[in-house]
Every structure is written in structure tokens, then in C-alpha cells.
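# Inside the fold
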Amino acid sequence: MSSITAVTSAKAHGNANAARCGHALGRNLLIIGAWLVFALFLLLPLYMVLSEALKQGLGVFFTAILEPDAIAALKLTLLAVAISVPLNLLFGVAAAWCVSKYEFRGKSLLVTLIDLPFSVSPVIAGLIYVLLFGAQGFFGEWLQDRDIQIVFAVPGIVLATLFVTVPFVARELIPLMQEQGTQEEEAARLLGANGWQMFWYVTVPNIKWGLIYGVVLCTARAMGEFGAVSVVSGHIRGYTNTLPLHVEILYNEYNHVAAFSVASLLLALALCILLLKQWSEARLARLQSNAAEE
Amino acid sequence: MSIEIRNVSKRFGAFQVLNDINLDIRSGELVALLGPSGCGKTTLLRIIAGLESPDQGSIVFHGEDVSGHDVRDRNVGFVFQHYALFRHMTVFDNVAFGLRMKPKRERPSETQIAAKVHELLGMVQLDWLADRYPEQLSGGQRQRIALARALAVEPKILLLDEPFGALDAKVRKELRRWLARLHEEINLTSVFVTHDQEEAMEVADRIVVMNKGVIEQIGHPGEVYEQPASDFVYHFLGDSNRLQLGDEGHILFRPHEVSLAREPLAEHRRAEVRDIRPLGAITRVTLKVEGQGELIEAEVVKSHASLLGLQRGDPLYFRPAAGSLRSAS
């Protein structure tokens, strides 16, 4: 009896092996294809950017990125990131808390609206701000009377960046917090924790990796945003130019080496962010698989 | 500490979860809230804890109305069905949490906290797990840690929401006996919610049977079983048979309250054997009676004379035991 089973199972095993061989061919083709696409559309452009930037040597490269306008653009980009990311962090946590811990009317509408910046073209987002705060805009006169400049100035750039990055943190946290539910928070309250202690010692550690992931994505987008910022910026060199806008201006002036040099600066920032993302993503995946096992 | 529940009502949207509940729980008692799912028992427990607020009525602890008190000021221990352990903290930190959250002037030193935590972990016999994380523990271990965590702040009242509901049968049995002993030792007022009548019968001093947001009966385990106040209580506290009596209605009796014979006897009804199930000390026989679709279940000791050589399809004569009858319309 047992020998029969052994034979049948060996046969089944052989069949499975054959099937796996058939699959293996297709699998290898797919993997090679994926690497080819990756090389052609991602690595090659990356290489092109760097080789263009360094075509005339390191000296020219450093002159281009250390030039005052480029430094100003870098500073403005970092400023926009420094303001919009913390604000979005606050908003994201608050919105995710609302959606996952409370029941209220219009909840699904709120969740849909959070996604609005994803579905609206960034150019339109920029135009909205021009229409609202521009000289001929809705608040234009009121702002002019008080000598406040929003459009074609730094506040406009920060606002536009804020708008396009709103969904990142909230989107990341909502499913995570919904899955975790409210019981741990209730347990903390029952054990005497006040609202702040509950949030800091129970909620934050539970959502930490999702939070970091959201912030990383948000930072990447805030640095790279072109469309919305372009509309409200006015392209004043050394004043309202962010890095992506500066790259475009240099490129349009046929100053290719400088354009690619500044572009590679932006690229270096993006790669740092990517590494951060990879790291937080791995932690998040581990956390979720643990939760799923329960 | 005694608990008084006065005229408590609660509604979620259009659904009346609790309807004018009144209940007195004496100091040191272990009370079970028993009922089917959706009967409002968990909501009542959460209202006692302060996790939900009632639409009407009040909660009184030891003569003091605590209805307006926040959860954290009520000083109740609460154990959740799914444990709700803090997943990112070790077992030690979970148990220490309540002590560490105390305001600075009441907070014990870390040395005192460590001593207290190890004492509690010793009490639940899991001291060796102090450095583990919740995800590394079995269900039964998690529930004991949850209990130790709840007891760390020395509550006067312990509330347990289906504490053994997520555990397998054997662990459940062990844990509930252990809980009953623990309750004796540390002299708390405890209320636990369950839908399992056996669990309520085995652990509780008194059982509160609930259905559709009202209390059907309050009594000692023997009382609710022997003298059920309603058909609902009778059905809920054990298996029951319904035997049709022509046009005069029907009677209810429990499977073990029956006399069986192989030969026709006075007052015995004839039935056909449909199934025979040996269940250890007792054997369950399923009977088909002429004139009713509902089958009758009879349980007798396995050595009962009528079972000898009994086969499916054989005739068998039965009579509900005289004292057990419960007529209903």
C-alpha cells in the first residue's frame, strides 16, 4: 500500500517538474523582458543625464550647480518641502484618524475628496491658485490692499506644492489604521492613559512605518512637482524658481550641460528618497504580514 | 465594589440595543451576561466600562454615580475578546503600561513597577514570557497576559468581553476554571459576557440572561436552569425537545429528562430510532415520532438497558420524565 502511494507521488512529482520546466521558460523570458524595459526606460536615461552633465568635466558641473541661481532654486525647493511635508503629515494623521476611528455622515465623500489632487491635472491646481489669489483673482484686491503677494511668490509655490501632495500621508494611513481598529486605543484609555499618551505610546508606534512611507512619497513629489508650481511661480530667477523649473529654463536656453548638472542634483535627492522608501516599505511589509498572521 | 445599573437604554440608529436595563451586582460577585449575539450584552459591558455612554440611565459604583466619569477615571479592568495587547510592546511593557501612565506623583519607580509586573506574570504563570512580543504567544497565553495587564492598576471591578471566545475548546475549559479560582483569590467584582451557556453555568455566581435588549431572567445557575422564567431562557440554557400533544399544544423537555423502553409501557409513546450516537458517558438517540416532523433527542447513560443491541429503524418507547414537563401554548 505504502509503495503504491510512493510511486504515485513520485509520478505526480515528475509531472509537476515537467510543468515547472514549461513555466520556467516563460518565467525567464518575462524576467529578461522586465530587465530590458527597466534598462531601456530607466537606467539609460539616468546614464544619459549623468553623462551629459559631466561631458565637459567636473569643473563645469560644479560651476553649474554652485551658481547662485541654482543654489537659490535648491533652497526654495527645500523650503517648499520643509513646509508642505510637515503640514501634510499633520493633515494626513488627522484625516486618517477621523476616517478610521469615527463613524460620520459624508465619510466616503471625504475619502474621495482626499484623492482629488491625484485625479486633477497639476496645471489646473496651479490655475486655481492664480484665479483665487492672482491680481485679478477672487481675493486679489483684498490681498493687494494688504500688500500680500501670493501668486508669483514663495507662498504660492508652497500652496501649490501642498495641494498636489495632500493625499500621500492620508492614503497610506487610512487602510493601515482601519485594519488595526480601535481596541488598542480603548485598552490604553482603560489603563489610565490620557489622549496624548494614548496617541504617542500606542497609535504612533503602530502606524510608524506607514507614516514614514507616506512622508517619503510626499517628499519625493514635493521636490519634483513641476506643473502646478510652474503656473504660480512666474519663473523669476533666483527668487521663485524651484529646481525642476530651473532645469527647464536652462534647457530652453540651450545650456544643456548646466541643465543636466542641476537635473543630476535633483536626481541625487530622488535616489536618497528612494532608498528611504525602500527601507520603510520593507519594514511595513513585514509589519503587515505579522498582522495578517494573527 | 458594587455596581448598580439604573434604567439604562441605548440605541444605535434605528436599532434599540438596550431597553431600560436595571441590574444590581453585589461586591465580590462574579456575574455572567448571557445571551445570543446582538442581545446587547457587550454594549452593556462597554457602558459599565465607560467606553459607550447610555442614552438614558446611570451607572453607580459603590453608591457613587459614575455616569459622567471618563473611562480612565473609572478604574475598571477590561479584557477584550481579541486581547487588544499592544503589538509593538513586549509582554513586560504591556503589563507595565497602566502603571507607567499614572501621573508623576502617583507613579511607582521603575524598580517597583518591575517587581509588580513580575508578580502579576507569576500569578498568570507566564513569567518566562516577559521579553516576548504578543505575536509570539498562543491565544491562551495572550489572554492571560491581557488579564495580568488589566489587573496591574488594581481595579476594583473586572469586566471581561467574551474572554474565552477566540480560544479552542480545551484551553477555554482550563482558562475558565482558572478564572473562577482567581476571582476567589483576589476578591474583585467581575462581570463577563458570554454566549456559551455552559461557560456561564460553570463560572458565574449569578447569570443574567439577556435577549433583544432586555433582561429575561437573573438567577443562580441552578435557578435559571431549573426554573426558567420564559421559553427563551429554557431554550437558551440547554437543548430541548418539543412534543406535539394533538390539538392541546405541546410540551418541552430536555433530552436527558426521559424514560426509554424497548417494550410498550404505560404513558410511553412509540417512536422509530433514526440515529444512535455514543458521546462518552452518555449516548444520544434520535427518535422520529408519528405525527410530527421535529425529531426528538433522548440522552441516557451508555449502559442503559434499552440501548442493548439497538439498531437504526428499531421501535423504541419513550416518556418525558414527569417533573420536567413544561407546557407551552
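Throughout, residues of each chain are indexed from 1 in the direction in which the sequence is written. Chains and ligands are labelled sequentially in the order written, the chains with letters from A and the ligands with numbers from 1. Residues qualify for local features only when their pLDDT is at least 70, as the model is predicted, and side-chain atom pairs are given and counted only at 80 or more; totals for whole chains, interfaces and linings, by contrast, use all residues. Water and hydrogen atoms were dropped before computing side-chain values, which therefore reflect all heavy atoms in the structure.

## Section: the overall build of chain B
Convention followed: Only DSSP runs of H or I reaching four residues or more are called helices, and only runs of E reaching two or more are called strands; each is numbered from the N terminus. Contacts are assigned to residue pairs with any non-hydrogen atoms lying within 4.5 Å of each other. Accessible surface is estimated by sampling points in the Shrake-Rupley manner with a 1.4 Å probe; for residues, cover comes only from the protein chains shown. Only four residue types enter the charge count: Lys and Arg as positive, Asp and Glu as negative, with His and the chain ends excluded. Lys charges are placed at NZ, Arg charges at CZ, Asp charges at CG and Glu charges at CD.
Tallying secondary structure elements over chain B gives 9 helices and 18 strands in all. With the principal axes as the frame, chain B shows a C-alpha extent of 80 × 45 × 35 Å. Long-range contacts, defined as pairs at least 24 residues apart, comprise 63% of the intrachain contacts of chain B with a sequence gap of at least 6. Per element, the accessible surface of chain B, about 15500 Å² overall, is 47% carbon and sulfur. Of the side-chain charges in chain B, 41 are positive and 46 negative, and the distance between the mean point of each set is 4 Å.

## Notes on the nonpolar core
We count it as follows: Nonpolar cores were defined as sets of buried Ala, Val, Leu, Ile, Met, Phe, Trp, Tyr and Cys residues, with membership established by side-chain atoms within 4.5 Å. Using a 1.4 Å probe on the protein chains alone, a residue whose accessible area is under 20% of its type maximum counts as buried, one over 50% counts as exposed, and one in between counts as partly exposed.
By size, the foremost hydrophobic cluster in this structure holds 61 residues, and its most contacted members are Ile 5, Phe 97 and Leu 159 of chain B. Ile 113, Ala 150, Ala 200 and Val 224 of chain B belong to the second-largest nonpolar core, a separate cluster that totals 46 residues.

## Section: the environment of Leu 308 of chain B
Its place among the elements puts Leu 308 of chain B in the loop between strand S16 (296-301) and strand S17 (315-320). Taking the C-alpha atoms as reference points, Leu 308 of chain B and Arg 262 of chain B, separated by 46 residues in sequence, lie 9.6 Å from one another.

## Digging into the interface of chain B and chain A
Accessible area lost when the parts come together is the quantity often used to give the size of an interface. Counted only if it meets this: What counts as buried area is the accessible surface, traced by a 1.4 Å probe, that two parts surrender upon association, with contributions from both included. The term salt bridge refers to a pairing of a side-chain nitrogen on Lys or Arg with a carboxyl oxygen on Asp or Glu at a separation within 4 Å. Pairs of N or O atoms within 3.5 Å make up the polar contacts considered here, provided that, within protein, one atom can donate a hydrogen while the other can accept it, and that residues adjacent in sequence are counted only when both atoms are side-chain atoms.
Taken together, the contact pairs 24 residues of chain B with 20 residues of chain A. Counting the surface lost from both chain B and chain A, the interface buries some 2100 Å², and carbon and sulfur atoms represent 57% of this. Of all residues in chain B, Arg 72, Arg 87 and Met 101 of chain B bury the most surface against chain A, accounting for 32% of the area lost on that side. In this assembly, chain B and chain A are joined by 3 salt bridges. Residues Arg 46 of chain B and Glu 186 of chain A are paired through a salt bridge, measuring 2.6 Å at the closest nitrogen-oxygen approach. Counting every contact that joins chain B to chain A gives 8 residue pairs in polar contact (both at pLDDT 80 or more).

## A short note on the sheet that holds strand S10 (residues 214-219) of chain B
Residue and element names in this part refer to chain B. Convention followed: Paired strands are those between which DSSP finds at least two bridges. Axes, fitted as lines to C-alpha atoms, cover a helix only where it is in contact. Angles between the N-to-C directions of the axes lie from 0 to 180 degrees.
Here we have 6 strands laid out as an open sheet, ordered S6-S7-S8-S3-S9-S10, and mixed in their pairing. Each edge of the open sheet is held by one strand with a lone partner, namely strand S6 (76-79) and S10. In this sheet, neighbouring strand axes are inclined to one another by 15° on average, regardless of whether the strands run parallel or antiparallel. Bridging between strand S9 (residues 206-211) and S10 involves 5 bridges; their strand directions are antiparallel. Each bridged residue has a counterpart across the sheet, and for Met 210 the counterpart in S10 is Ile 215.

## What to know about helix H3 (residues 91-100) of chain B
Helical geometry: 3.6 residues make up each α-helical turn, so side chains three or four residues apart lie on a common side. Counting buried residues in H3 of chain B gives 8 out of 10 residues, a clear majority hidden from the surface. Restricting attention to buried positions, one finds in H3 of chain B the residues Val 91, Phe 92, Asn 94, Val 95, Ala 96, Phe 97, Gly 98 and Leu 99 of chain B. If you follow the buried residues of H3 of chain B, they end up packed against helix H10 (183-190) and helix H11 (195-224) of chain A together with helix H4 (110-123) and helix H5 (139-151) of chain B.

## Brief notes about the UniProt feature "domain: ABC transmembrane type-1" (unreviewed entry) in chain A
Note the following rule: UniProt positions are given in the numbering used here, feature names are shortened, and annotations may be inferred rather than shown by experiment.
In the numbering adopted here, UniProt assigns the feature "domain: ABC transmembrane type-1" (unreviewed entry) to residues 74-275 of chain A. The span residues 74-275 of chain A is 79% helical and 0% strand by assignment, and the distance between its end C-alpha atoms comes to 20 Å.

## Remarks on the pattern of salt bridges
Oppositely charged side chains can form a pair if their charged atoms are brought close together. Residue and element names in this part refer to chain B. By the definition in use, this model includes 31 salt bridges over all chains. When the shortest N-O distance is used, the salt bridge between Lys 10 and Asp 55 registers 4.0 Å. Pair noted here: Lys 10 is in strand S1 (residues 3-12) and Asp 55 is in the loop between helix H1 (41-49) and strand S4 (56-61), with a separation of 45 residues, a long-range link. Taking the relative accessible area as the measure of exposure, Lys 10 reaches 9% and is therefore buried.

## Let's talk about the domain arrangement of chain A
All names here are of chain A. Put simply, the test is: Domain limits in this description derive from either an automatic procedure or a database domain assignment. The nonpolar class holds Ala, Val, Leu, Ile, Met, Phe, Trp, Tyr, Cys and Pro. Asp, Glu, Lys and Arg form the charged class, and all remaining residues, Gly among them, are polar.
Along its sequence, chain A is organised into domain 1 (1-54) and domain 2 (57-293). Once you take the C-alpha centre of each, domain 1 and domain 2 turn out to be 37 Å apart. Contacts between the two partners involve 6 residues from domain 1 and, on the opposite side, 10 residues from domain 2. Inspection of the region where domain 1 meets domain 2 yields 0 salt bridges. Between the two partners, domain 1 and domain 2, sit 1 residue pair in polar contact (both at pLDDT 80 or more). Taken together, the residues that form the side of domain 1 that touches domain 2 break down as 5 nonpolar, no polar and 1 charged.

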